[in-house]
Amino acid sequence: MIELAPGAVLLPNFAADDLWPAIQQITAAAPFRHMLTPGGFKMSVAMTNCGPLGWVTDRSGYRYSPTDPQTGSPWPAMPPEFLALAARAAHLAGFPGFTPDACLINRYEPGAKMSLHQDNDEHDFSQPIVSVSLGLPAIFLFGGFERSDKAARIKLHHGDVVVWGGPARLRYHGVLPIKPGEHPLTGPYRINLTLRTAGDVTMETVRRL
Ligand code: MD3
Ligand code: FE
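What counts and what doesn't
- Throughout, residues of each chain are indexed from 1 in the direction in which the sequence is written.
- As a convention, the first chain written is A and the first ligand written is 1, with the rest following in written order.
- Side-chain atom pairs in this predicted model are given and counted only at pLDDT of 80 or more, local residue features only at pLDDT of at least 70, and totals for whole chains, interfaces and linings cover all residues.
- Note that the side-chain values use all heavy atoms of the structure and ignore hydrogens as well as water.
- Only N, O and S atoms count as donors, using a 2.8 Å cut-off from the metal and 3.2 Å for Na, K and Ca, and because water is excluded some sites may appear unfinished.
- Residues are classed as near a molecule or strand on a simple rule: at least one heavy atom within 4 Å of it.
- We define a polar contact as two N or O atoms separated by no more than 3.5 Å, with the added condition that, inside protein, one atom must be a possible hydrogen donor and the other a possible acceptor, whereas residues neighbouring each other in sequence contribute only through side-chain atom pairs.
- A 1.4 Å probe and the Shrake-Rupley method give the accessible areas. Residues count as covered only by the protein chains that appear here.
- Helical segments are the DSSP runs of H or I of at least four residues, strand segments are the runs of E of at least two, and each set is numbered from the N terminus.
- Paired strands, as defined in this entry, are two strands with at least two bridges between them according to DSSP.
- All axes are obtained by fitting lines to C-alpha atoms, using only the stretch in contact for helices, and the reported angles, taken between N-to-C directions, cover 0 to 180 degrees.
- Any two residues whose heavy atoms approach within 4.5 Å are treated as being in contact.

**Q** If you had to explain the coordination of the iron ion (ligand 2) to someone new, which residues and values would you point to?
**A** Those protein atoms acting as donors to the iron ion (ligand 2) are His-117 (NE2), Asp-119 (OD) and His-173 (NE2), and they sit at 2.0 to 2.2 Å. All donors of the iron ion (ligand 2) belong to a single chain; written as a sequence motif, their spacing is H-x1-D-x53-H.

**Q** How would you explain the site of ligand 1 if you had to name every residue and give the values?
**A** In the neighbourhood of ligand 1, 19 residues make up the surrounding shell, with Asn-106, Tyr-108, His-173, Arg-190 and Arg-196 lying closest. Interatomic distance of 3.1 Å between a side-chain N/O atom of His-117 and an oxygen atom of ligand 1. Alone, ligand 1 offers 500 Å² of accessible surface; in the complex the protein occludes 98% of this. Every element with two or more residues in the shell around ligand 1 is listed here: strand 6 (102–108), strand 7 (114–117), strand 8 (129–135), strand 12 (173–175) and strand 13 (190–196).

**Q** Residues and numbers for the sheet that holds strand 10 (residues 152–156), please.
**A** Judged by pairing direction, the sheet is antiparallel, and its four strands sit side by side in the order 7-12-9-10 without closing on themselves. A strand with exactly one partner marks an edge of an open sheet, and here the two such strands are strand 7 and strand 10. When strand polarity is set aside, the average angle formed by the axes of neighbouring strands in this sheet is 20°. Of the strand pairs in this sheet, strand 9 (residues 138–142) and strand 10 are connected by five bridges, and their pairing is antiparallel. Across the sheet, Ile-139 pairs through a bridge with Lys-155, a residue of strand 10.

**Q** Can you explain the sheet that holds strand 8? Please cite residues and give values.
**A** Picture the strands of a sheet paired through backbone hydrogen bonds; they go either parallel or antiparallel. If you walk across this open sheet you meet the seven strands as 1-2-11-8-13-6-3, and the pairing is antiparallel. Pairing within the sheet leaves two strands with one partner each, and these edge strands are strand 1 (2–5) and strand 3 (46–50). Each strand axis lies, on average, 20° off the axis of its neighbour in the sheet, ignoring direction. The pairing of strand 8 with strand 11 (residues 161–164) spans four bridges and is classified as antiparallel. Across the sheet, residue Ser-131 finds its bridge partner in strand 11, namely Val-162. Sitting on the sheet, helix 1 (residues 20–29) is in contact with strand 3, strand 6, strand 8 and strand 13, with an inclination near 100° to strand 3. The strands that helix 2 (residues 80–92) touches are strand 2 (8–11), strand 3, strand 6, strand 8, strand 11 and strand 13; relative to strand 8, the one it contacts most, it runs at about 120°.

Listed below in C-alpha cells is the structure:
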C-alpha cells in the first residue's frame, strides 16, 4: 500500500483477472459507447456503467442516470465481486463501510485520453472513489485543486487499485493518450472501473423517514 498523497492510496496489483467475465457480461447488455460532452465533442474514451446509477453525458450535461439512455433499461447489476473488491480496498485505505451505487467502466483504445477534470457530479464527497486499472498501462495525471496546478505523473498498471478520498477527493486528474499495445486479458485496450457513491444521501434519508 503506497500513499500517493493525503487521502490517495495505491494498492499495486490488488485486482485480479477474475473481474473480466463480469465486465464482458455487462458490456454485452450495455455496450461501450462514445458519449458526447455538453459542448458536443465525442469522447475518445468509450464508456458504460453498472449498478443502480450510471454516469452519462450528452448535450444537456453530465449527470447520473438509473437507466441506460440507449435502451431506457436499468444499467446491468453491480457484480458482488466489484462491491467486495471496492469495500476491501476502501477499508484498507481508511474508509470503512464503502458501499458504491455506481460503477463507470471506461475503455481506452490507443490514443484515447481523459483531460484534466474533477469528479464532482456525486452528492457526498465524504465518500471515496475506488479505481481499478486493467489491461494496457496508462500515465495518470494527478493535479491539485485548481486546473492550473502542476500535475504529477503516475504510471498505472494492470491490477492496480487506487482509493481517492478525503482531501484527494476533489483533486483534478486525467489520463495521457494510451500507447498502442496488446494485453493478454484485454487485448488492445485499457479498462478502468471507478466505483462511486453517487446518490443523494439527503434524498435517501428523507425517503427512509
Ligand atoms: C482522483 N477515470 O472516470 S481513474 C473518471 O483512468 C476518471 O479512467 C480515470 O477520471 C481513468 O472520472 C482515472 C482514477 C481517479 C478517479 C477518480 C478520482 C482518480 C481520481 C477522483 C478524485 C481524484
Ligand atoms: Fe475522474
